[in-house]
Amino acid sequence: MHTHGVDGGALMTHITVDGDHLARLVRAVADQRDQAAFVSLFEHFGPRVKGFLMRQGAAESEAEDLAQDVMLTVWRKAAQFDPAKAAVSTWIFTIARNRRIDVLRRERRPEPDMDDPLLAPEPEPSAETYMSKTQAQARIRQAMATLPQDQARVLTLSFYEDIPHSEIAERLGIPLGTVKSRLRLAFRKVKAMVGEELV
Amino acid sequence: MTVKHHPSEALLLAYAAGHLSEALSLVVAAHLTYCPDCRDIVAEAEAMGGALLDDSPPARMGGDALAAVLARLTTAEAAAPPRREAPRGAASGGGLRLPAPVLDYVGGDPAHARWQWVGPGIRQLDLVANGRTRDAARLLRLSPGRVMPHHSHTGLELTVVLHGAYTDEQGRFARGDMAELDGAVEHQPIAEAGDECVCLVATDAPLRFHGLLPRMVAPMMGF
């Protein structure tokens, strides 16, 4: 993979595939307010967040500002990162998503409250199906790479295009029901592949 | 309590990707409160988003980006940490218990909110009303046995039951159950006898009502 920076080169290539290392960097930011760890996170994620936002249609300058905001939020909220709940890239994806809704759409994003007395509890995870979110994330990524082309296409369009599924259907020239069934299949396949490798 | 009617994976994915409107997101958030299975699918979708971020082609940041952000770190430090409010769901009273994200929009005890009379046995409380995008979410309170005006719609209509139950062409919907209707589907929910039924309904396009009475009721409901 192509990287920038002389010293950062080898490290960058390394941390690209090492989610546990990224999690340790976030932990160092949270616990020690470690600026060097933050710089590593910034160099890894800043350009990716910016690239992701631009693929979602943000103008270059908007994407730049948002990406900086997102990284600042990473610094501020590092203590809220929970490696038992999500991989670092997933956590940062949700920060970028929420900033985008807040800044570009000027809307709120309602979410369930994990402390809500009405919250229906999760079923207890069985011991043999436990794996770290970092491992799960790596497998989800591999599984996505093996999806059939038609499923992968509706999946990526769903993330990158800020349009309803009815418009995705129109663009691809397929019925809405087909878009939905392809997404259903994609979810099942990814879930099955992630679970399968555990046994 | 087991939830029987769920949103499609496509809808949960749109929510996870951040592409659902505020009103539609509110209905999904209410359903997620009652449904760990759908929370699981949203978490899976978010992990897919994280994987796409991992694989995203990096775009060069501005030359002074890092310096600019580092300069803001200390300011960010000084900013007050977000205040953790008391568990919001606990504040609900009057016998009607609403999920925390819904209660946020009601802004207090639903018993004291300004419910509007829109027809015999039907009251509503607007929660989201965006005139520009026509995005709308409202609580509907139906007396036992009350029939909702017959309607169809051009966009997406999401309904989640928060109290009681109703029945329509698709079956019985009780607390936590969610209906997802798109296109020209018509349906006619009937609140179950014995208890009132409270639903959260969101649309991203105005509803069309059929029949004389509903046509009179529709303008009042603001659909």
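Residues numbered from 1 in each chain as written. Chains lettered and ligands numbered in written order. Predicted model: local features only at pLDDT ≥ 70, side-chain atom pairs only at ≥ 80, totals over all residues. Heavy atoms only, no water.

This brings us to the overall build of chain B. Check the secondary structure of chain B and you find 6 helices and 11 strands. Within chain B, buried positions represent 57% of all 223 residues. A fraction of 66% describes how many contacts in chain B between residues 6 or more apart in sequence connect residues 24 or more apart. (Helix = DSSP H or I, 4+ residues; strand = E, 2+ residues; numbered from the N terminus. Buried < 20%, exposed > 50% of the residue type's maximum accessible area, 1.4 Å probe, protein only. Contact = heavy atoms within 4.5 Å.)

Residue and element names in this part refer to chain B. Across the sheet, which stays open at both edges, the 3 strands sit in the order 7-6-9 with antiparallel pairing between neighbours. Every interior strand has two partners, whereas the edge strands, strand 7 (171–174) and strand 9 (190–191), have only one. As paired strands, strand 6 (residues 165–168) and strand 9 are joined by 2 bridges and run antiparallel to one another. Among the inter-strand pairings, Thr167 is bridged to a residue of strand 9, identified as Ile190. (Pairing = 2+ DSSP bridges.)

With that settled, the discussion passes to the packing of helix 4 (residues 60–77) of chain A against helix 5 (residues 88–105) of chain A. All names here are of chain A. Closest axis-to-axis distance for the helix 4/helix 5 pair is 9 Å, and the angle between their directions is 125 degrees. In this view, helix 4 runs oblique relative to helix 5, as classed from their interaxial angle. Crossing angle aside, the handedness with which helix 4 passes helix 5 is right-handed. On helix 5, the residues touching Glu62, Leu66, Asp69, Val70, Thr73, Val74 and Lys77 of helix 4 are Trp91, Ile92, Ile95, Ala96, Arg99, Arg100, Val103 and Leu104. For the contact of helix 4 with helix 5, the residue count by class is 9 nonpolar, 1 polar and 5 charged. (Axes fitted to C-alpha atoms, helices over the stretch in contact; angles between N-to-C directions. Parallel < 35°, antiparallel > 145°, perpendicular 65-115°, else oblique. Left-handed = near helix turned anticlockwise from the far one by under 90°. Nonpolar A, V, L, I, M, F, W, Y, C, P; charged D, E, K, R; others polar.)

This paragraph deals with the nonpolar core. Of all hydrophobic cores here, the largest spans 107 residues; its most connected members are B:Val102, B:Leu139 and B:Leu200. At 9 residues, the largest contribution of residues to this core is made by helix 2 (residues 22–34) of chain B. Each of domain 1 (8–105) and domain 2 (132–196) of chain A gives at least three residues to this core. Apart from residues no more than four positions distant in its own chain, B:Leu139 is found in contact with B:Leu98, B:Val102, B:Val106, B:Trp115, B:Arg123, B:Gln124, B:Leu125, B:Leu127, B:Leu162, B:Val198, B:Cys199 and B:Leu200. Core analysis: the second largest hydrophobic core is formed by 13 residues, B:Ile122, B:Leu142, B:Cys197 and B:Cys199 among them. (Core = buried A, V, L, I, M, F, W, Y, C linked by side-chain atoms within 4.5 Å. Domains from an automatic or database assignment.)

Tallying the contact residues gives 73 residues for chain A and 71 residues for chain B. Contact with chain B buries area across many residues of chain A, yet A:Pro110, A:Leu118 and A:Phe187 alone supply 12% of it, more than any other trio. Seen at the junction of chain A and chain B, the total is 8 salt bridges. Of the charged contacts in the structure, one is a salt bridge between B:Glu46 and A:Arg97, with a shortest N-O distance of 2.8 Å. (Buried area = accessible area lost by both parts, 1.4 Å probe. Salt bridge = Lys/Arg side-chain N within 4 Å of Asp/Glu carboxyl O.)

To continue, consider helix 6 (residues 133–145) of chain A. The first and last C-alpha atoms of helix 6 of chain A sit 18 Å apart over 13 residues, in line with the 18 Å expected at 1.5 Å per residue. What helix 6 of chain A keeps buried is the set A:Thr134, A:Ala136, A:Gln137, A:Arg139, A:Ile140, A:Ala143 and A:Met144. (Expected span 1.5 Å × (residues − 1).)

Another point: the confidence of the model for chain B. Residue and element names in this part refer to chain B. Overall, the predicted model of chain B reaches an average pLDDT of 84, with 79% of residues at or above 70. By mean pLDDT, the top-scoring element of chain B is helix 2 (97), and the lowest-scoring one is helix 6 (residues 212–221) (49). With pLDDT under 50 throughout, residues 211–216 is counted as low confidence; its partners more than four residues away or in other chains account for 4 contacts. (pLDDT = per-residue confidence, 0-100.)

Residue and element names in this part refer to chain B. In space, the 6 strands of this open sheet follow the order 1-2-3-10-5-8, with antiparallel pairing throughout. Every other strand in the sheet has two partners, leaving strand 1 (116–119) and strand 8 (178–182) as the edge strands with one partner each. The average angle at which neighbouring strand axes cross in this sheet is 25 degrees, direction not considered. Two strands pair when backbone bridges link them, and strand 5 (residues 156–163) and strand 8 are joined in this way by 5 bridges, in the antiparallel orientation. Its bridge partner lying in strand 8, Val160 is registered against Met178. In this fold helix 2 packs onto strand 2 (122–130), strand 3 (135–142), strand 5, strand 8 and strand 10 (197–203), with an angle of close to 40 degrees to the strand it touches most, strand 5.

Where charged atoms from two side chains of opposite charge approach closely, those side chains can pair. All names here are of chain A. Here the structure, examined in full by the defined rule, presents 22 salt bridges over all chains. Between Arg97 and Glu111 there is a salt bridge; the shortest N-O distance is 3.3 Å. Of this pair, Arg97 sits in helix 5 while Glu111 sits in the loop between helix 5 and helix 6; the two residues are 14 residues apart in sequence, bridging distant segments of the chain. The exposure class of Arg97 is buried, given its relative accessible area of 5%.

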